[in-house]
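Observations on chain architecture
The lines below spell out each chain.
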Amino acid sequence: MTRFIVIRAAMLVAGLLVASILIFFTLRILPGDVALVIGGTQASPERIAAIRAQLGLDQPIVAQYLDWVGGLLRLDLGTSVVTGSSVSAQIAQKLAVTGPLALLSLLFGLVIALPLGFLSAVRRSRASGVAIAFGAQAAAAVPVVWAGLLLILLLSTALGLFPSQGFPLNGWADPWGALRSLILPALTIGIVEGAVLLRFVRSAVLSAQGQLHVTAAAARGLTRRQALLRHGLPNAGLSVVSVLGLQLAALIVGAVVVEQLFNLPGLGPMLVTDVGQRDLPKVQSVVFTITAIILVVGFLVDLVHRIVDPRLRAGTA
Amino acid sequence: MSGRRRWLPALLRQPAGLFSSIVLALLVLAAAVSLLWTPRDPNEADTARAWLPPGPSFWLGTDGAGKDIVSQLLAGARVSVVVIVGAALVAGVLGIAVGALASLTARWVREPLAVLIDILIAFPTLLIAMMLAAVFGGSLIVVVAAVGIGYGVSIARVLRAEIAQVAGADFILAARAAGLGRLAIARRHILPNVAPVFIVQLSLSAALALLAEAALSYLGYGAPSGTPSWGRMLAQVQGYISVHPLAALWPGLAITLTVLALNLFGDALREATDPRLLRPSARPMDDADPADQALRLGVGR
């Protein structure tokens, strides 16, 4: 176990390092003056000089990179070239919306994917099983924006159940209001991502169906379904746990689009604005933060998977 | 070679194969027709005829700027074809090259490369696209490049496992014993054996590429203004969804049908060309690694 943690932690550090290098140099891929890219062609020479000074562009590029990474290690994500405000503070503020949104979406996704995936596998030769599998196939093909628009039409415009736009101005000080405004966006991501996950659960349960211990349990007098529920589902569940890290990446991407659609003050709309303003230092730190969150969660998920999966525990004893 | 000639009937005999072939043929047809003819100029705006209902002169009505929806849908098919083909091409070349390097080379090359692939998988495609858009501005090239890189990595990961498995088989050993060179083995024995999996992945990438284009165009970093695209059409009607729901129906439906067709096409083609296979709908997980299996289904991409 210790060996596993050490190796996995080393991979996490390597991942963060590679991510920082790729992000930093991708954003400086254009030859020529970064200050001109950021300022745009209409910027005054003073403005260009100011940007250049702020970014330390007179330094060699490696020194600029080390300067940025040094800041990251102190949790200092730099400042925006456009507004001059601290990037760390803004990310923390936006994460208060995006974080709960991603978790709620994951919850909805799992609530959809686990039972329906199981059902569609158990009833695969019956109409209901085929219908679920087909529904999942179709739902996984729906663009997130369209899913959101359809849900707004149904649950907000027609039934008036949830607000379709915005977030309470006082944020989580109004917990019910905040939660209410996250439900529709989270449902949008949850349905689309849940449909993809459902196909994975289905395939995992189908493969459990053929496994010897499930057959053995059935031979001991359990019905096929009882055997699967008791012995097959845990295996399928573990497979789902092991891909949660991957799933999180999809949820965050979904959040970027959905926050824009539902006008939520999260990381997504902020990043869209920053990209539009070519605020490269901020884009760099925001993209790195999102990637780092995905990598760290992937690391934690692997650890949890290792602890809860008896097969893996035995393997490293 | 009779098997090679008969794959098309085998494809069209399956409901999923028939459906996806028809949808994809219609897509290509729409794109081709729109090059020569559309009912009206798709960019011709006239606020005097905004939000017209479907009728004889505007078959599906008009949008908020008075543009003809049918003409925009037809012209938008061009962008979809470009994104599908472009992204599949980039992802396919990258996936095969990196996948082969990560499985067939010396240990000191392939093992670090495998770790690198695992790291790159964590990069969401949309973030790659937004970084490129921050530098180059939004364009279809950015979409194709970002999506191609993002899914190329995921194809590489799936192929790595697949190639490694085939390369360890006895018939490869036999081919080596018979004196075949590395390249000849890769071309004659390994490629044909991983081709079915590759085709499925490629068509999945194309499907995901279209979804990514829709998302990026919606955010304003996809097709430039003046280039009709289904994603842009969705973006333009979003504010009016409760008043003019029908206008949002068509582009969403076009994207969904095409993505669905691409998702089904790969599996159907695989079934038509690979007689050893179980029905894909009933295919259990055949990999030890759930992450590989998840990527094969498009989880997390």
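Residues numbered from 1 in each chain as written. Chains lettered and ligands numbered in written order. Predicted model: local features only at pLDDT ≥ 70, side-chain atom pairs only at ≥ 80, totals over all residues.

**Observations concerning the overall build of chain B**
- Broken down by element type, chain B carries twelve helices and zero strands.
- Reading chain B from its N terminus to its C terminus gives the helix and strand order α-α-α-α-α-α-α-α-α-α-α-α.
- For the C-alpha atoms alone, the extent of chain B along its principal axes is close to 75 × 45 × 35 Å.
- At a minimum sequence separation of 6, the contacts of chain B that also span at least 24 residues come to 70%. (Helix = DSSP H or I, 4+ residues; strand = E, 2+ residues; numbered from the N terminus. Contact = placed C-beta atoms within 7 Å.)

**Describing the overall build of chain A**
- Regarding its fold elements, chain A presents 14 helices and zero strands.
- Start at the N end of chain A and walk to the C end: the helices and strands fall as α-α-α-α-α-α-α-α-α-α-α-α-α-α.
- Counting only C-alpha atoms and orienting by the principal axes, one finds that chain A spans roughly 80 × 55 × 35 Å.
- For chain A, buried positions account for 43% of its 317 residues.
- Looking at chain A alone, contacts between residues at least 24 apart form 68% of all its contacts between residues at least 6 apart. (Buried ≥ 20, exposed ≤ 12 C-beta atoms within 10 Å, placed from the backbone.)

**With respect to the nonpolar core**
- Counting 182 residues, the largest nonpolar core has Ala-87, Ala-129, Ala-209 and Ala-215 of chain B as the members making the most contacts within it.
- With sequence-adjacent residues up to four places away left out, Ala-129 of chain B is seen in contact with Val-142, Val-143, Ala-146, Ala-212, Leu-216 and Tyr-221 of chain B. (Core = buried A, V, L, I, M, F, W, Y, C linked by C-beta atoms within 7 Å.)

**Overview of the confidence of the model for chain B**
Residue and element names in this part refer to chain B.
- Mean pLDDT over chain B works out to 83, with 93% of the residues at or above the 70 mark.
- The element-level mean pLDDT for chain B is lowest in helix H1 (residues 2-5), coming to 50, with helix H4 (residues 69-104) highest at 92.
- Counted against residues more than four places away or in other chains, residues 278-284, with its pLDDT under 50, gives eleven contacts.
- Both scores are given for the predicted complex: the pTM is 0.89, the ipTM 0.87. (pLDDT = per-residue confidence, 0-100.)

**Examining the interface of chain A and chain B**
- Counting from both sides, the interface comprises 58 residues of chain A and, opposite them, 44 residues of chain B.
- Here the side of chain A that touches chain B takes ten residues from helix H11 (residues 244-261) of chain A, the largest share from any one element.
- The residue makeup of the side of chain A that touches chain B, split by class, is 42 nonpolar, 13 polar and three charged. (Nonpolar A, V, L, I, M, F, W, Y, C, P; charged D, E, K, R; others polar.)

**Some points on the environment of Arg-296 of chain B**
Residue and element names in this part refer to chain B.
- Inspection of the secondary structure assignment puts Arg-296 in helix H12 (residues 290-296).
- C-beta crowding within 10 Å serves as the criterion here: with 24 such atoms nearby, Arg-296 is assigned to the buried category.
- Through-space distance from the C-alpha of Arg-296 to that of Phe-198 is 10.0 Å; in sequence the pair is 98 residues apart.

**Describing the environment of Gln-93 of chain A**
- Looking at the secondary structure, you find Gln-93 of chain A in helix H5 (residues 87-122).
- Each C-alpha atom, one on Gln-93 of chain A and one on Gln-284 of chain A, is 18 Å from the other, the two residues being 191 residues apart in sequence.

**Topic: unusual backbone geometry**
Residue and element names in this part refer to chain A.
- In this structure, Asn-263 takes a positive phi of about 60° despite not being glycine.
- Note on placement: Asn-263 falls in the loop between H11 and helix H12 (267-276).
- Taking the number of C-beta atoms within 10 Å as the measure of exposure, Asn-263 has 14 and is therefore partly exposed.
- Of note, Arg-278 is a non-glycine position whose phi angle comes to about 55°, a positive value.

**Let's talk about the confidence of the model for chain A**
- When pLDDT is averaged along chain A, the result is 85; 97% of the residues meet or exceed 70.
- Averaged pLDDT values for the elements of chain A fall to 63 in helix H14 (residues 310-316) of chain A and rise to 92 in H5 of chain A.

**Describing the packing of H11 of chain A against helix H13 (residues 280-308) of chain A**
Residue and element names in this part refer to chain A.
- At their nearest, the axes of H11 and H13 sit 8 Å apart, and the two run at 155° to each other. For the element pair H11 / H13, the angle class is roughly antiparallel. Seen along the crossing, H11 lies across H13 with a hand that is right-handed. Residues Leu-244, Gly-245, Leu-248, Ala-249 and Ile-252 of H11 lie in contact with H13, whose contacting residues are Ile-290, Ile-294, Val-297, Gly-298 and Val-301. (Axes fitted to C-alpha atoms, helices over the stretch in contact; angles between N-to-C directions. Parallel < 35°, antiparallel > 145°, perpendicular 65-115°, else oblique. Left-handed = near helix turned anticlockwise from the far one by under 90°.)

**Quick look at the packing of helix H1 (residues 2-26) of chain A against helix H5 (residues 107-121) of chain B**
- It is the contact of H1 of chain A with H5 of chain B, at a shortest axis distance of 10 Å, that shows an interaxial angle of 70°. As far as their axial angle goes, H5 of chain B and H1 of chain A are roughly perpendicular. The way H1 of chain A lies across H5 of chain B gives a crossing that is right-handed. Counting all contacts with H1 of chain A, which are made through Met-11, Ala-14, Gly-15 and Val-18 of chain A, the residues of H5 of chain B involved are Val-115, Leu-116 and Ile-119 of chain B.
- Considering only residue class, the contact of H1 of chain A with H5 of chain B consists of six nonpolar, one polar and no charged.

**A few points about helix H6 (residues 127-139) of chain A**
Residues and elements named next belong to chain A.
- Across its 13 residues, H6 extends 18 Å between first and last C-alpha, which sits within 8% of the 18 Å expected from 1.5 Å per residue.
- Residues of H6 that are buried: Ile-132, Ala-133, Ala-136 and Ala-139. Looking straight down H6, one finds its buried side chains confined to an arc of 130°; they lie on one side. Opposite the buried face of H6, at more than 90 degrees from it, the exposed residues are Ala-127 and Ala-131.
- Against the buried residues of H6 lie H5 and helix H8 (175-209). (Expected span 1.5 Å × (residues − 1). Arc of directions from axis to C-beta.)

**Here's the deal with the environment of Leu-73 of chain B**
Residues and elements named next belong to chain B.
- Note that Leu-73 resides in helix H4.
- Given 22 C-beta atoms within 10 Å, Leu-73 falls into the buried group.
- The spacing of Leu-73 and Leu-269 is 196 residues in sequence and 27 Å in space, taken between C-alpha atoms.
- Those residues within four positions of Leu-73 in sequence are excluded, and the remaining contacts are Trp-250, Pro-251 and Ala-254.

**What to know about helix H11 (residues 245-273) of chain B**
Residue and element names in this part refer to chain B.
- In a regular helix each residue adds 1.5 Å, so 29 residues correspond to 42 Å; H11 covers 42 Å between its end C-alpha atoms and thus fits that length.
- Taken as a whole, H11 carries its principal kink of about 25° at Phe-265.
- Most of H11 is tucked away, with 23 of its 29 residues classed as buried. (Bend = angle between axes of the 7 residues up to and from the residue.)

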